Amino acid sequence: MKQTIAFGNILLKDMRNYYLKPPNISWGIIFPFAWMLMMFVKTKSAFHIEEVFSGIVAMSILFGTTSMLSVTITFERKSRSFERLLLAPLRIELLILAKITGAILFGIFNSIIPVLFSVLYFKAVVTNWTLLVTGIILLSIISTLLGLFISVSAKEVFEAQTYSNFFRFPMIFLCGLFIPVAALPVLIQPFSYLLPVTYGVDILKYSITGDNALSIVLDLTLVIMFCFILFYSSLFFIKRKWII
Amino acid sequence: MKEKIIEAKNLTKNYGDFTAVDDISFWVDKGEVFGLLGPNGAGKTTTINMLIGMAKISAGKVYYNGVDLTKTIKKAQEIIGVVADESNLYDEMSGYDNLCFCGSLYGLSKSDRENRAKDLLITFRLNEAANKKFKAYSKGMKRKLTIAAALIHNPQILFLDEPTSGIDVASARQIRDLIKKLNEKETTVFLTTHYIEEAERLCDRIAFLNKGKIIKLDSVSNLINESKDENILEVVLDENICDRVQLSEKLNKKFTYITCSFINDNTIRIISIKPIDISPIVHFLSSENIFIIEARLHRPSLEDAFVKLTGIEIDMMKKEKEKK
């Protein structure tokens, strides 16, 4: 019970202090909206929402979560308030779960605008809603965990931002968000398959068009596997680097 | 017989080849104020960090209430409150919200943490600033709220790392009074400070730590008694001396029965086993064109014991700390 109270209040504190602040809410709305608008203006009448839907959803999640978690954790470490959390009689796994849950929820929130816009305004047809929701949740988890992994390496807030961009921008091109992995040069394709976001995007594509590059079972297995690898490797480094 | 609430046995901390804490052993009795005193880099914070679970223990064991918690230090965190050397609450949250949040980390129910937060705000005379954001607090207020946050779950042991460092005199005094009151209510206090007078006033027992080793551990009265067999004279000069080392050496050479050292730019401390005859010293200094404006006999203090045992000048220790 005590652990649950602590978990809930860390999550609530992060939501109030970081994620539900007006600049972040507006980011979650404006960012995907701007991308949708750009696609619409660029392609005019020949705009096929299904082609960009998964890319915009994935990018909204990726950009919302990775930097948010890495910046907030680095900021709290710098101000030493994170020390207070480490000093609480709370299992470190649970503490980290509480920290990442806020970012995961923020990622899911970021995906709502492009989904609503695509379905209600552009009349996009989603072939499998369950898989779409699963894909959004998994992408939010994996992007958040990438943010956690970044925060373990960063000492300063600007470092966290720089590292986030270092990972995020190449992912736009490498993970099949707008350019299918198969259309990339053969030499680059192995890098795409090393990145977990590739599999998350593939799940989203399948849920919308029913067409994807890999088998859905393989996508789901690999994303979940990457989640565990990132979570436990981050935990290992946190214990090693932050409790010295 | 007193109950040992903390016991550290052969505690060691290595960072690569460097040994920050070197095989130290001590215990803290339930309800006492235990002080760890030493210069910068002596290993005080590392020792605290090992006891509270913020640093891994390289060797040795830590017992809380007789139970070995070396490998499961998280369990000890339920009964301890920690005040770090810097205030570490959330800037964007109010004082009241900060306290409630800290209470939740220890699993206190909503009503319990709210009541406790209100009580602590009154005790620390912060109730009028309860709804102000933490970032708007003065340094002294921040320190007080940080201590209040460490007490939110009624810990058995309170760890205080330099509690009055860098705050105004009034707040420092209030914090010292609060520590005394807490101790009267049976809270065990583990304190590090570089203010020797503070340690003398608050602590029951003190460990002098230098270069990772405990040089001496005893009650304050016993430590002071160590210096009682010495005569100490403080001589204030009419001007600041540039080459203090040279003048000290000259005096030590000329008067072999005394030991001289500067405690600041114009004050010499003269220590001797025999009673000190000041007239030859006055003559000698006059011949060097240095004149005495004041001379006073010094009552042995903890500071003297510290200087005698560690060879570290207090003035240097304070300057180092302030630089930090």
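The structure displayed is predicted, hence computed values, not measured ones.

(A) Region of the structure containing the overall build of chain A. Helix and strand content of chain A: 10 helices and zero strands. Element order for chain A, N to C, with α for helix and β for strand: α-α-α-α-α-α-α-α-α-α. Taken against the 2.2 N^0.38 rule, which gives 18 Å for 244 residues, the C-alpha radius of gyration of chain A at 18 Å falls within 12% of a compact globule. Looking at the 244 residues of chain A, the share that counts as buried comes to 45%. Expressed as a percentage of contacts within chain A between residues at least 6 apart in sequence, the contacts between residues at least 24 apart total 80%.

(B) Broad picture of the domain arrangement of chain B. Domain annotation of chain B identifies domain 1 (4-219) and domain 2 (231-299). Each of domain 1 of chain B and domain 2 of chain B has a C-alpha centre, and these two points are 40 Å apart.

(C) Inspection of helix α1 (residues 44-52) of chain B at higher detail. All names here are of chain B. When you tally the buried positions in α1, you get nine out of nine residues, the bulk of the element. Among all positions of α1, only K44, T45, T46, T47, I48, N49, M50, L51 and I52 are buried. Where α1 ends, the next residue or the one after it, G53, has phi of about 90°, a positive value.

(D) The arrangement of the packing of helix α6 (residues 129-153) of chain A against helix α10 (residues 216-242) of chain A in detail. All names here are of chain A. Axis separation between α6 and α10 bottoms out at 9 Å; the angle between their running directions is 25°. As summarised for this structure, α6 and α10 are arranged roughly parallel, according to the angle between their axes. Here α6 runs over α10; the crossing is left-handed. Residue-level inspection shows L138, I141, I142, L145, L146, L148, F149 and V152 of α6 in contact with α10, the latter providing V223, F226, C227, L230, F231, S234, F237, I238 and K241. In terms of residue class, the contact of α6 with α10 is built from 15 nonpolar, one polar and one charged.

(E) Just the environment of F191 of chain A, in detail. All names here are of chain A. Within the secondary structure layout, F191 lies in helix α8 (residues 189-194). Assessed through the 14 C-beta atoms surrounding it within 10 Å, F191 is described here as partly exposed. Linking F191 and Y18, residues 173 residues apart in sequence, is a C-alpha distance of 33 Å.

(F) Structural detail: the sheet that holds strand β12 (residues 258-264) of chain B. Residue and element names in this part refer to chain B. An order of β12-β13-β11-β14 is seen for the four strands of this open sheet, with the pairing classed as antiparallel. Each end of this open sheet is capped by a strand with a single partner; those strands are β12 and β14 (292-297). Each strand of the sheet is rotated relative to its neighbour by a mean of 25°, with strand direction disregarded. Relative to strand β13 (residues 267-272), β12 is paired through six bridges, and the arrangement is antiparallel. Bridge pairing in β13 links N264 to T267.

(G) Local environment of the environment of C260 of chain B. Residue and element names in this part refer to chain B. Relative to the helices and strands, C260 resides in strand β12. Judged by local crowding, C260 falls into the buried class, with 22 C-beta atoms found within 10 Å. C-alpha of C260 to C-alpha of E198: the two residues are 62 residues apart in sequence and 25 Å apart in space. Excluding residues that lie within four positions of it along the chain, C260 makes contacts with S248, L251, N252, I268 and I270.

(H) Quick look at the nonpolar core. A58, I142 and V197 of chain A together with L99 and F159 of chain B are the most contacted members of the largest nonpolar core, which totals 140 residues. Per-element tally for this core: the top contributor is helix α3 (residues 49-78) of chain A, with 14 residues. Dropping the residues within four chain positions of it, I142 of chain A is found in contact with P196, V197, G200, V223, F226 and C227 of chain A. In terms of nonpolar packing, the next biggest core, distinct from the first, is built from five residues, V235, C260, I268 and I270 of chain B among them.

(I) Structural context of the interface of chain A and chain B. Between chain A and chain B, the residue contacts involve 21 residues of the former and 21 residues of the latter. Contributions of two or more residues to the side of chain A that touches chain B are made by α1 (2-19) and α4 (81-86) of chain A. If one sorts the elements of the side of chain A that touches chain B by residue count, α1 of chain A sits on top with seven residues. Its residues assigned to classes, the side of chain A that touches chain B shows 11 nonpolar, five polar and five charged.

(J) Main features of unusual backbone geometry. Residue and element names in this part refer to chain B. For N154, which is not glycine, the phi dihedral falls at a positive 55°. Within the element layout of this structure, N154 appears in the loop between α5 (139-150) and β7 (157-161). Exposure remark for N154: the 12 C-beta atoms within 10 Å place this residue in the exposed category. Of note, the phi angle at E186 is positive, near 80°, even though the residue is not glycine.

(K) Structural context of the confidence of the model for chain B. Residue and element names in this part refer to chain B. Here chain B averages 86 in pLDDT, and 95% of its residues register 70 or above. Confidence, read as mean pLDDT per element, is least for helix α12 (residues 314-323) in chain B (57) and greatest for helix α3 (residues 95-105) (94). For this predicted complex, the interface confidence comes out at an ipTM of 0.82, alongside a pTM of 0.79.

(L) A look at the environment of K56 of chain B. Residue placement: K56 of chain B occurs in the loop between α1 and β4 (59-64). Residues K56 of chain B and Y90 of chain B, spaced 34 residues apart in sequence, show a C-alpha to C-alpha distance of 26 Å.

(M) Structural view of the pairing of β13 of chain B. Residue and element names in this part refer to chain B. Here strand β11 (residues 231-237) runs beside β13; their pairing, made up of six bridges, is antiparallel. Note that in β13 the partner of N231 across the bridge is S272. Hairpin connection of β12 to β13: two residues between the antiparallel strands.

(N) Seen up close, the packing of α5 of chain B against helix α6 (residues 169-184) of chain B. Residues and elements named next belong to chain B. At a minimum axis separation of 9 Å, α5 and α6 run at an interaxial angle of 15°. Between α5 and α6, the crossing angle belongs to the class labelled roughly parallel. For the pair α5 and α6, the crossing hand works out as right-handed. Every residue of α6 that contacts α5 at G140, R143, K144 and I147 is listed here: S171, I175 and L178.

The rules behind the values
- Residues numbered from 1 in each chain as written.
- Chains lettered and ligands numbered in written order.
- Predicted model: local features only at pLDDT ≥ 70, side-chain atom pairs only at ≥ 80, totals over all residues.
- Helix = DSSP H or I, 4+ residues; strand = E, 2+ residues; numbered from the N terminus.
- Rg over C-alpha atoms; globule rule 2.2 N^0.38 Å.
- Buried ≥ 20, exposed ≤ 12 C-beta atoms within 10 Å, placed from the backbone.
- Contact = placed C-beta atoms within 7 Å.
- Domains from an automatic or database assignment.
- Axes fitted to C-alpha atoms, helices over the stretch in contact; angles between N-to-C directions.
- Parallel < 35°, antiparallel > 145°, perpendicular 65-115°, else oblique.
- Left-handed = near helix turned anticlockwise from the far one by under 90°.
- Nonpolar A, V, L, I, M, F, W, Y, C, P; charged D, E, K, R; others polar.
- Pairing = 2+ DSSP bridges.
- Core = buried A, V, L, I, M, F, W, Y, C linked by C-beta atoms within 7 Å.
- pLDDT = per-residue confidence, 0-100.

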